[in-house]
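# Examining the three-dimensional arrangement
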Amino acid sequence: MDADKCRTRIKNFFMLLYARMKNIDEVLVKTAVIEDNESMWAEGSAPDKDGWVTWKLVPAQVSDREIEELEEDIGAKLPQVLKIFLTTYFHYFDEEIGANPVNEKFEGILEAYNPILADNEYLPFAWDRDRYYIRCIDLKNMPEEEACPVVQIDHEILFDFDEDTTGREELEEVMEVVAENFFEYLD
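Heads up: these notes are all about the structure in this document. Within any chain, residue numbers begin from 1 and follow the written order of that chain's sequence. Given that the model is predicted, a residue must reach a pLDDT of at least 70 before its local features are reported, and side-chain atom pairs must reach 80 or more before they are shown or counted; all residues, however, enter totals for whole chains, interfaces and linings. Processing note: side-chain calculations cover all non-hydrogen atoms of the structure and skip hydrogens and water entirely.

Right, let's talk about the overall build of the chain for a bit. A tally of helices and strands in the chain yields 8 helices and 8 strands. Note that the radius of gyration is over C-alpha atoms, with the globule rule given as 2.2 Å times the number of residues to the power 0.38. A compact globule built from 187 residues should have a C-alpha radius of gyration of about 16 Å, and the chain, at 17 Å, falls within 12% of that. Referenced to the eigenvectors of the C-alpha coordinate spread, the extents of the chain come out at roughly 50 × 35 × 30 Å. When each of the 187 residues of the chain is scored for burial, the buried share is 49%. Residue pairs at least 24 apart in sequence account for 58% of intrachain contacts in the chain once pairs closer than 6 positions are excluded. In short, Shrake-Rupley with a 1.4 Å probe defines the accessible areas, and a residue's cover is counted only from the protein chains shown. For the chain, the accessible surface area stands at approximately 10,100 Å², while carbon and sulfur atoms represent 45% of it. In DSSP terms, a helix is any run of H or I states spanning at least four residues, a strand is any run of E spanning at least two, and both are numbered starting from the N terminus. Only protein chains enter the calculation, and the probe is 1.4 Å; a residue is then buried if its accessible area is under 20% of its type maximum, exposed if over 50%, and partly exposed in between. Note on contacts: a residue pair is in contact if any heavy atoms of the two residues lie within 4.5 Å.

Following this line, the structure appears as structure tokens:
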């Protein structure tokens, strides 16, 4: 996978998503939610009477060491495409791709993290729009990232599994494929 092409594709994804959401007035976030994130406010934006502010994409400043620390914390190596995704823009798109704001880098991955999934080669990265499913990258085909599907699991089913005894086979039975790979997922 060519890193420059990957970064360009992900940058385009963010730009298109932001433009689409801005057209339907979804690119607003309550100021209380973005405390300490004024750098993410759109130029000239100020909170309205209800405490909402228009925000913007901010080029991410994430070091290799911060990625390494995240990998240590979650016990998994991030696929290259996910590293590039997290290091392209800070963003406040919540569900489905996970938030990655200036003041809480990797929020989406950390909110979705589950040790049962991580221990069985699934990398949780976000919740679905309704916060019902946890979305993961299935890492069993690594290092062939384009052969790593995005899957989801019902959180209620997941939370019924025992952390000490659950194996991959049990999880595979309840996983649903969402996309062939992370790029298809973003598309």
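Continuing now.
By size, the foremost hydrophobic cluster in this structure holds 42 residues, and its most contacted members are Phe85 and Phe182. Those elements that provide at least two residues to this core are α1 (3-23), α2 (64-74), α3 (80-86), β4 (89-90), β5 (122-127) and α8 (182-186). For this core, the element with the most residues is α1, which contributes 7 residues. Not counting the four nearest positions on each side in its chain, Phe85 is found in contact with Ile10, Phe13, Phe14, His91, Ile97, Phe182 and Leu186. Take the buried residues of types Ala, Val, Leu, Ile, Met, Phe, Trp, Tyr and Cys, join any two whose side-chain atoms come within 4.5 Å, and each joined set is a nonpolar core. Among the nonpolar cores identified, the runner-up in size contains 13 residues, and Ile116, Tyr122, Ile134 and Leu158 belong to it.

Here a disulfide denotes a covalent bond joining the sulfur atom of one cysteine to the sulfur atom of another. Disulfides are defined as cysteine sulfur pairs within 2.5 Å. Here the structure, examined in full by the defined rule, presents 0 disulfides. Not part of a disulfide, Cys6 finds its nearest cysteine sulfur in Cys148, a span of 13 Å. Residue classification places Cys148 among the buried residues on the basis of a relative accessible area of 2%.

What follows deals with a negative patch on the surface. Residues enter a patch when their relative accessible area is above 30% and they make no salt bridge; the linking distance is 9 Å between like charges and 5 Å between nonpolar side chains (Val, Leu, Ile, Met, Phe, Trp, Tyr). Here a salt bridge means any side-chain nitrogen of Lys or Arg lying within 4 Å of a carboxyl oxygen belonging to Asp or Glu. In this charge count, Lys and Arg are treated as positive and Asp and Glu as negative; neither His nor the chain ends contribute. For charged residues, the charge sits on one atom: NZ in Lys, CZ in Arg, CG in Asp, CD in Glu. Residues Asp119, Asp162, Glu163 and Asp164 make up a contiguous surface patch of negative charge. Here Asp162 is to be found in the loop between α6 (155-160) and α7 (168-174). Judged by relative accessible area, which is 40%, Asp162 ranks as partly exposed.

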